[in-house]
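For reference, the chains in residue letters:
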Amino acid sequence: MHGQDRFLLAGVMGWPISHSRSPKIHNYWLARYGLDGVYVPLAIEPERLAAALRALPALNFSGCNLTIPHKEAALAIVDDLDPTAKRVGAVNCVVVEEDGTLVGRNYDGFGFTASLRAAAPMWRADAGPAAVIGAGGAARAVIAGLIDAGATEVRVFNRTLERAETLARDFGPPVVAHRWEAREAGLADAALLVNTTSQGMVGQPPLDLRLDALPAGALVSDIVYAPLETPLLAAARARGLVAVDGLGMLIHQARPAFRDWFGIMPEATPELRAMIEATL
Ligand code: ATR
């Protein structure tokens, strides 16, 4: 955090970057908390990521977010990594310390669990097994969040079993890899189902998964937000289950980054959500 006597700067590096909603989120909070500053989209080619990150201290940036395709590449560029970024294998937030040190963090998992809690205040990570569909980078972030929140069993179902096994090995217990064919049976006593694959996104076919086995009271979450109501979430609601879309994760992951840069843990207000929803 830097003194508030000077103009505050942060941004998001991506390639491309025009689709990013992060400037809307952070500029909303800067205005809401009366801070003098701006959060900008930064179009950074992959070859120039290191130079761009290295330039942050000289430009008086408090830090930046990273999005596709920079999250993994930043691991080798920053000076320090927090344990979560290390475990996830990706950086989504860089904090510039007073001495110019660049610290890589990952708040995607925090965003996921904070969004679940906001949508379903009674939800607890240790209430029962969590079923995670997919084993890519998004799954790693979600699983790190679940473990940080106290999950006691995380079942990973992935089309390519080997990838789920690698993930389970990397995280260790409570993460267990399961065959893709077992995904419906594996829902029988699950307290949470989360889809981390791109299936169900705009332009993609729906996720091939029937929810019949899920117990009443289970939460169903999709981490994508285009569309907000994926076929999976619609099926969950039709069964009377609580469905949590991916927009909350996007908003909640931004909160601790804003806090690290500017010293205030901002609120995910309904007004902010409505403002972002209007841009989808
Ligand atoms: P991300 O970083 O967004 O997680 P990723 O690392 O490419 O992206 O991972 C994509 C995930 O979606 C993987 O779990 C992938 O399964 P595979 O490991 O078998 O490729 C999953 N996925 C993609 N298309 C899928 C499909 N048609 N059916 C089931 N899973 C799919």
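Please read all numbers here as calculations on a predicted model, not as lab measurements.

### What about the UniProt feature "binding site: shikimate" (unreviewed entry) in the chain?
Line of reasoning, step 1. The sites that UniProt annotates as "binding site: shikimate" (unreviewed entry) are Ser20, Arg21, Ser22, Thr67, Asn92, Asp108, Tyr225 and Gln253.
Line of reasoning, step 2. Within the secondary structure, Asp108 is located in helix 4 (residues 108–119).
Line of reasoning, step 3. Residue Asp108 is classed as buried on the basis of its relative accessible area of 10%.
Line of reasoning, step 4. Other than its neighbours up to four places away in sequence, Asp108 contacts Lys71, Asn92, Ala141, Met249 and Gln253.
Line of reasoning, step 5. Of the polar contacts made by the side chain of Asp108, one reaches the side chain of Lys71; its length is 2.9 Å.
Line of reasoning, step 6. Within the secondary structure, Tyr225 is located in the loop between strand 11 (219–222) and helix 7 (231–238).
Line of reasoning, step 7. Residues within four places of Tyr225 in sequence aside, it is in contact with Arg21, Gly246, Leu247, Leu250 and Leu280.

### Describing the site of the ligand
Line of reasoning, step 1. Around the ligand sit Gly134, Ala135, Gly136, Gly137, Ala138, Asn158, Arg159, Thr160, Arg163, Trp180, Thr197 and Gln199, and those are all the residues in its vicinity.
Line of reasoning, step 2. Ala135 has a polar backbone atom sitting 2.9 Å from an oxygen atom of the ligand.
Line of reasoning, step 3. The separation between an oxygen atom of the ligand and a polar main-chain atom of Ala138 is 3.0 Å.
Line of reasoning, step 4. For the ligand, the protein covers 67% of the area, taking 640 Å² as the surface of the free molecule.
Line of reasoning, step 5. For the shell around the ligand, the class distribution of residues is three nonpolar, seven polar and two charged.

### Description of the pairing of strand 5 (residues 93–96)
Line of reasoning, step 1. Across the two faces of strand 5 the burial is the same, with Cys93 and Val95 and Val94 and Val96 all buried.
Line of reasoning, step 2. Sheet topology places strand 5 next to strand 6 (residues 102–105); four bridges connect them, and they run antiparallel. When the sheet's bridge partners are listed, Val95 is paired in strand 6 with Val103.
Line of reasoning, step 3. Linking two consecutive strands that pair antiparallel, namely strand 5 and strand 6, is a turn of five residues; a positive phi of about 90° is found at Gly100 within it.

### Describing the confidence of the model for the chain
Line of reasoning, step 1. In the predicted model, the chain carries a mean pLDDT of 96, and the fraction of residues at 70 or more is 98%.
Line of reasoning, step 2. Listed scores for the predicted complex are pTM 0.96 and ipTM 0.97.

### Points about the packing of helix 1 (residues 22–32) against helix 8 (residues 247–262)
Line of reasoning, step 1. The contact between helix 1 and helix 8 brings their axes to 10 Å, and the two run at 50°. The orientation of helix 1 relative to helix 8 falls into the category oblique. Considering how the two elements wind past one another, helix 1 and helix 8 form a crossing that is right-handed. Residues Ile25, His26, Trp29 and Leu30 of helix 1 pack against Leu250, Ile251, Ala254, Arg255, Phe258, Trp261 and Phe262 of helix 8.
Line of reasoning, step 2. For the contact of helix 1 with helix 8, the residue count by class is nine nonpolar, one polar and one charged.

Reading guide: rules and limits
- Per-chain numbering applies: the sequence of each chain, read as written, is numbered from 1 onward.
- Whole-chain, interface and lining totals are the exception, using all residues; otherwise, since this is a predicted model, local features are given only for residues with pLDDT of at least 70 and side-chain atom pairs are given and counted only at 80 or more.
- Note that water and hydrogens are dropped before the side-chain values are worked out from all heavy atoms of the structure.
- UniProt positions are given in the numbering used here, feature names are shortened, and annotations may be inferred rather than shown by experiment.
- Runs of E in the DSSP output that reach at least two residues are strands. Runs of H or I that reach at least four are helices, and both are numbered from the N terminus.
- Relative accessible area decides the class of each residue, using a 1.4 Å probe on protein chains only: under 20% of the type maximum gives buried, over 50% gives exposed, and in between gives partly exposed.
- The contact definition used throughout considers only heavy atoms, calling two residues in contact when any of these lie within 4.5 Å.
- Under this definition, polar contacts are N or O atom pairs within 3.5 Å; protein pairs additionally need one hydrogen-donor-capable and one acceptor-capable atom, and for neighbouring residues in sequence, both atoms have to be side-chain atoms.
- Nearness is defined per residue: one heavy atom within 4 Å of the molecule or strand is enough.
- A 1.4 Å probe and the Shrake-Rupley method give the accessible areas. Residues count as covered only by the protein chains that appear here.
- Residue classes follow a fixed rule: Ala, Val, Leu, Ile, Met, Phe, Trp, Tyr, Cys and Pro count as nonpolar, while Asp, Glu, Lys and Arg count as charged, and any other residue, Gly among them, counts as polar.
- What makes two strands pair is DSSP finding at least two bridges between them.
- Each residue carries a pLDDT value, the predictor's own confidence for that position, ranging from 0 to 100.
- Lines fitted to the C-alpha atoms define the axes, with helices restricted to the stretch that makes contact. Angles between their N-to-C directions range from 0 to 180 degrees.
- Orientation categories follow fixed angle ranges, with anything under 35 degrees roughly parallel, anything over 145 roughly antiparallel, 65 to 115 roughly perpendicular, and all other angles oblique.
- Note on convention: near helix rotated counterclockwise from far helix by under a right angle means a left-handed crossing. Clockwise means right-handed.

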